[in-house]
Amino acid sequence: MREPVMEEPALPPATGEEEHLSLALANSAISMAGGHVVDLLAAPAQVNHWLTERGLAPVDAGMMEMCATQVRSLREQIRSLFASRAAGLPALPAAVTAINDAMTRVPTAPLLRWDDRTGPYRTTPHPTTAIVDHALATVAADAADLLTGPDAERLTACGSTPCNRYLLRHGRRHWCSTRCGDRARAARAYARRAQSGT
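Reference entry: report on the structure contained in this document. Because the structure is a prediction, the values reported are computed rather than measured. Residue indices follow the written sequence of each chain, beginning from 1 at its first position. Totals for whole chains, interfaces and linings use all residues, but because this is a predicted model, local features are given only for residues with pLDDT of at least 70 and pairs of side-chain atoms are given and counted only at 80 or more. The side-chain values count all of the structure's non-hydrogen atoms but skip hydrogen atoms and water molecules.

### Describing the overall build of the protein
Stage number 1. Comment: elements are numbered from the N terminus, with helices defined as DSSP H or I runs of at least four residues and strands as E runs of at least two. Helix and strand counts for the protein come out as 6 helices and 7 strands.
Stage number 2. Sequence-ordered secondary structure for the protein, helices as α and strands as β, is β-α-β-β-α-α-α-β-β-α-β-β-α.
Stage number 3. Burial classification: accessible surface area is computed with a 1.4 Å probe over protein chains only, and a residue below 20% of its type maximum counts as buried, one above 50% as exposed, and the rest as partly exposed. Going through the 198 residues of the protein one by one, you find that 40% of them count as buried.
Stage number 4. A contact between two residues is defined here by any heavy atoms of the two lying within 4.5 Å. Long-range contacts, defined as pairs at least 24 residues apart, comprise 54% of the intrachain contacts of the protein with a sequence gap of at least 6.
Stage number 5. Using a 1.4 Å probe, accessible areas were evaluated by the Shrake-Rupley method; residue-level cover was limited to the displayed protein chains. For the protein, the accessible area works out to roughly 11,300 Å², and carbon and sulfur atoms hold 57% of it.

Written out as structure tokens, the structure reads:
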């Protein structure tokens, strides 16, 4: 069983995370050497911080465990879809349904409102109680865009064991970080030496 670790690893964002919120969410639980998992969303305060950093929630949202669980659940569904896409396998229907449910839970069109002093205007409702729904809808829409857009062909899993992060491949690079690339090269060199009996 993997032991969750709370501290944040010193890893740079994987290629594509800055353009795709869904990729950043998918990579918020990181498998480390020794069977440890660093979960950047382990506690409600961490979820609030993650959403705030990305402009998806106010600093004082007061995230509760139920909301944090929803965010972590969407993360697992997105990871499932990314794994299917990267491996060229069919997606789990439940993962597709979860993305669609998140996208359709909130209104996307600005609704008509009327102010007695200034007259009509349009705004997208964003009540405090729906902060998580709006954040999930935004991330789910990004995942759908990534999976159906031109970057989908570049989506891949990090090629260094035990890393479980995803990235948008750039050239021949199949690693999410220099650390993972160095580890993969060292493992290959060790395998060659072991095979040659040196």
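### Comments concerning the nonpolar core
Side chains of nonpolar character tend, in soluble globular proteins, to be buried together.
Stage number 1. As used in this record, nonpolar core signifies buried Ala, Val, Leu, Ile, Met, Phe, Trp, Tyr and Cys residues forming a set joined through side-chain atoms within 4.5 Å. Leu25, Leu51, Val71, Leu74, Ile78 and Phe82 are the most contacted members of the largest nonpolar core, which totals 32 residues.
Stage number 2. At 8 residues, the largest contribution of residues to this core is made by helix 5 (residues 131-148).
Stage number 3. Those residues in contact with Leu51 that lie beyond four places of it in its chain are Leu56, Ala57, Met63, Val71 and Ala135.
Stage number 4. Among the nonpolar cores identified, the runner-up in size contains 7 residues, and Ala14, Leu167, Trp175 and Cys176 belong to it.

### Looking at helix 2 (residues 44-53)
Every α-helix carries 3.6 residues per turn, so stepping three or four residues along brings you back to the same face.
Stage number 1. Taken together, the buried positions of helix 2 are occupied by Pro44, Val47, Asn48, Trp50 and Leu51. End-on view of helix 2: buried residues confined to an arc of 165 degrees, all on one side of the axis. In helix 2, the exposed positions that point more than 90 degrees away from the buried face belong to Ala45 and Glu53.
Stage number 2. Here the buried face of helix 2 lies against helix 1 (21-26), helix 3 (65-87) and helix 5.
Stage number 3. Gly55 lies just past helix 2 and shows a positive phi near 70 degrees. The arc in question is the one traced by the directions running from the helix axis out to the C-beta atoms.

### Let's talk about the packing of helix 3 against helix 4 (residues 93-104)
Stage number 1. One can describe the packing of helix 3 onto helix 4 by two numbers: an axis separation of 9 Å at closest approach and a directional angle of 125 degrees. Taken together, the axis directions place helix 3 and helix 4 in an arrangement best described as oblique. Remark: the crossing between helix 3 and helix 4 carries left-handed chirality. When helix 3 is examined against helix 4, the residues Leu74, Gln77, Ile78, Ser80 and Leu81 are found in contact with a partner set consisting of Ala94, Ala95, Val96, Ala98, Ile99 and Ala102.
Stage number 2. For the contact of helix 3 with helix 4, a count of residues per class yields 9 nonpolar, 2 polar and no charged. Note on geometry: axes are C-alpha line fits, over the in-contact stretch for helices, and angles between N-to-C directions span 0 to 180 degrees. For this classification, under 35 degrees means roughly parallel, over 145 means roughly antiparallel, 65 to 115 means roughly perpendicular, and everything else is oblique. Helix crossings are classified by the rotation of the near helix relative to the far one: an anticlockwise turn of less than a right angle makes the crossing left-handed, while a clockwise turn makes it right-handed. Under the convention adopted here, Pro, Cys and the residues Ala, Val, Leu, Ile, Met, Phe, Trp and Tyr are nonpolar, Asp, Glu, Lys and Arg are charged, and Gly plus all remaining residues are polar.

Shape is all these values report; function is a separate question.
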